[in-house]
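Architecture at a glance
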Amino acid sequence: MRKRIQYDKYGGPELMQLKDFKLATPGKGQVAVKVAFAAINPIDWKLRNGQMKIVTGNKFPRAMGMDFSGTVISVGAGVTRFKVGDAVFGLAPVKETGALGQAVVTNESSLAKKPDNVSFEDAACLGTPGITAWNGLVDKAKLKAGMSVFVNGCGGAVGEATVQIAQMLGATVSGSCSAEAMERARSLGVQTIYDYRASDLSKVNERYDVVYDTAATMTTAVGLGLLRQEGVFLDLNPTPGKFIRAIFNRRLKPIVCTPRPDILDRLALAAQEGKFRLPVAEIVPLSEAIQLLTALEAGRKLGGKGLVAMD
């Protein structure tokens, strides 16, 4: 038996428990991974709170955690990209999750090989933020070299991923973040930075090709108002209403994190080349993970990623 964080019904942080579980045998196209580190993301508690139960369904117990790094321990039928012993990073399936445990079964398409020069700690952080940034900038906004991007929340994990990937693709980046995060944003190459507490972004005169609300706090009106004529507003707080509105307004693009092998491989290469890295702020053992999750959900700020070590 192995241990993982799970819950028996949708609801608050008090429902999380560290429990023994039996790892499923990987099915067709699936891979079982011994987890080294899991990274904490807001999606973890959004799923537990039942905000996406239309996707996750009503089968319990449900495990916690999306992003992880580790070593392949078995592969299902038809798996060609990985073999036992490979060091990997990626995402657990959103329907089952389970990265916050000693082992997890995921889809081959949600994994990439970990570069030798990237630590397991750093690799665990890359998945959700990197894919979410890529889904917006490349898949939706068709970002090209020479374009300008405004990142609302450029100090958060998805924000930092967006800044680094936008620059990797040849764009110039401006953004907003907390006063505390400004120095870090400057070091990443963000050119013009606004303190979100002290600035009214509706009064900004500059116009951008892409506005990405990675903090999920910007109104659609402000986001659209910052755009150039053909610009695109990427909205990380998708609601059914916004999906409907986006059908009629091609400049509004709600974003849902959608992993693909080509994106994960590109993120792995960027990390290998030193162009993509997210800071690790705190690492706790699995026995203390529920406390850290609860604190982060309540609003504690780390200034980097929170990681859970499985050994």
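Scroll up to find the structure this text is about.
Residues numbered from 1 in each chain as written. Predicted model: local features only at pLDDT ≥ 70, side-chain atom pairs only at ≥ 80, totals over all residues. Heavy atoms only, no water.

Observations regarding the packing of helix H4 (residues 127–140) against helix H5 (residues 157–168)
In the contact formed by H4 and H5, the axes pass within 8 Å of each other and the chain directions differ by 55 degrees. With respect to their mutual orientation, H4 and H5 come out oblique. The interaxial crossing formed by H4 with H5 has right-handed handedness. Here H4 contributes Pro129, Gly130, Thr132, Ala133, Trp134 and Leu137 to the contact with H5, which in turn contributes Ala157, Val158, Ala161, Thr162, Ile165, Ala166 and Met168. Per-class residue counts for the contact of H4 with H5 are 10 nonpolar, three polar and no charged. (Axes fitted to C-alpha atoms, helices over the stretch in contact; angles between N-to-C directions. Helix = DSSP H or I, 4+ residues; strand = E, 2+ residues; numbered from the N terminus. Parallel < 35°, antiparallel > 145°, perpendicular 65-115°, else oblique. Left-handed = near helix turned anticlockwise from the far one by under 90°. Contact = heavy atoms within 4.5 Å. Nonpolar A, V, L, I, M, F, W, Y, C, P; charged D, E, K, R; others polar.)

Overview of the nonpolar core
Counting 52 residues, the largest nonpolar core has Leu137, Leu143 and Val149 as the members making the most contacts within it. Filtering out sequence-adjacent residues up to four positions away, Val149 remains in contact with Leu137, Leu143, Ala166, Ala171, Thr172, Val173, Ser174, Tyr208 and Val210. By size, the runner-up hydrophobic cluster in this structure holds 30 residues, among which are Ala38, Val104, Ala289 and Leu292. (Core = buried A, V, L, I, M, F, W, Y, C linked by side-chain atoms within 4.5 Å. Buried < 20%, exposed > 50% of the residue type's maximum accessible area, 1.4 Å probe, protein only.)

Topic: the pairing of strand S13 (residues 227–235)
Sheet topology places strand S12 (residues 208–213) next to S13; five bridges connect them, and they run parallel. Residue Tyr212 lies in a different strand from S13, and its bridge partner there is Leu234. Between S12 and its parallel partner S13, the chain crosses via helix H7 (residues 220–225), and the hand of that crossover is right-handed. Inspection of the sheet shows S13 paired to strand S14 (residues 252–254) by three bridges, in the parallel sense. Bridging across to S14, Leu234 finds its partner in Lys253. (Pairing = 2+ DSSP bridges. Right-handed = clockwise from strand over helix to strand, strands pointing away.)

Notes on the packing of aromatic side chains
For the coordinates displayed, the defined rule picks out five aromatic pairs. Aromatic side chains Tyr7 and Tyr10 sit 6.3 Å apart centroid to centroid with 45 degrees between the ring planes, which places their arrangement in the tilted category. Considered together, Tyr7 and Tyr10 belong to a single accessibility category, that of buried residues. An aromatic cluster is present here, built from Tyr7, Tyr10 and Phe60 joined pairwise through their rings. The ring of Phe120 carries the charged tip of Lys114 above its face, separated from the ring centre by 4.7 Å. (Phe/Tyr/Trp six-rings, centres within 6.5 Å; stacked < 30°, edge-to-face > 60°. Lys NZ or Arg CZ within 6 Å of the ring centre and 35° of its normal.)

Some words on unusual backbone geometry
The omega torsion of the bond from Phe60 to Pro61 falls at 0 degrees, within 30 degrees of zero and hence cis. For Lys142, which is not a glycine, the phi torsion comes out positive at approximately 50 degrees. Here Lys142 shows up in the loop between H4 and strand S9 (148–152). When its relative accessible area of 49% is taken as the criterion, Lys142 is described as partly exposed.

Some words on the packing of H4 against helix H9 (residues 261–272)
Contact geometry of H4 with H9 gives a least axis separation of 10 Å together with a crossing angle of 110 degrees. Compared by their axis directions, H4 and H9 come out roughly perpendicular. Here H4 and H9 pass one another in a crossing that is right-handed. Between H4 and H9, the residues in contact are Gly127, Gly130, Ile131, Trp134, Asn135 and Asp139 and Ile263, Leu264, Arg266 and Leu267, respectively.

A look at the pattern of salt bridges
Note on pairing: side chains with opposite charge can pair once their charged atoms come close. Following the criterion strictly, the structure yields 16 salt bridges and no others. With its nearest N and O atoms 2.7 Å apart, the salt bridge here joins Arg184 to Glu160. Taken together, the residues span a long stretch of sequence, with Arg184 in helix H6 (residues 182–187) and Glu160 in helix H5 at a distance of 24 residues. According to the relative accessible area criterion, Arg184 is partly exposed, its value standing at 31%. (Salt bridge = Lys/Arg side-chain N within 4 Å of Asp/Glu carboxyl O.)

Quick word on the layout of surface pockets
The computed volume of the second largest pocket comes to approximately 520 Å³. Together, 22 residues line the second largest pocket, and Arg4, Lys59, Pro61, Glu96 and Thr97 are the ones closest to its centre. Counting only elements with at least two residues in the lining of the second largest pocket, the list comes to strand S4 (62–63) and strand S7 (103–107). Broken down by class, the residue content of the lining of the second largest pocket amounts to 11 nonpolar, five polar and six charged. (1 Å grid on protein atoms, 1.4 Å probe; cavity = no way out; pocket = protein on both sides within 12 Å on 5 of 7 lines; lining within 4 Å. Points joined across faces, edges and corners; volume = space filled by probe spheres on them.)

A few points about the sheet that holds strand S10 (residues 172–177)
On the basis of which strands lie adjacent, the open sheet formed by six strands has the order S11-S10-S9-S12-S13-S14 and parallel pairing. Strands with a single pairing partner mark the edges of an open sheet, and in this sheet they are strand S11 (193–195) and S14. With direction set aside, neighbouring strand axes in the sheet form an average angle of 15 degrees. The strands that H5 touches are S9, S10 and S12; relative to S9, the one it contacts most, it runs at about 170 degrees. Of the strands in this sheet, S13 and S14 touch helix H8 (residues 240–248), which is tilted by about 140 degrees from S14.

Quick notes on the side chain of Asp209
Residue placement: Asp209 occurs in strand S12. A polar atom in the side chain of Asp209 sits 2.8 Å from the backbone nitrogen of Ser148. Within polar-contact distance, the side chain of Asp209 engages the side chain of Arg228 at 3.1 Å. Aside from chain neighbours lying at most four places away, what touches Asp209 is Met147, Ser148, Leu227, Arg228, Gly231 and Val232. (Polar contact = N/O pair within 3.5 Å; in protein donor to acceptor, adjacent residues only side chain to side chain.)

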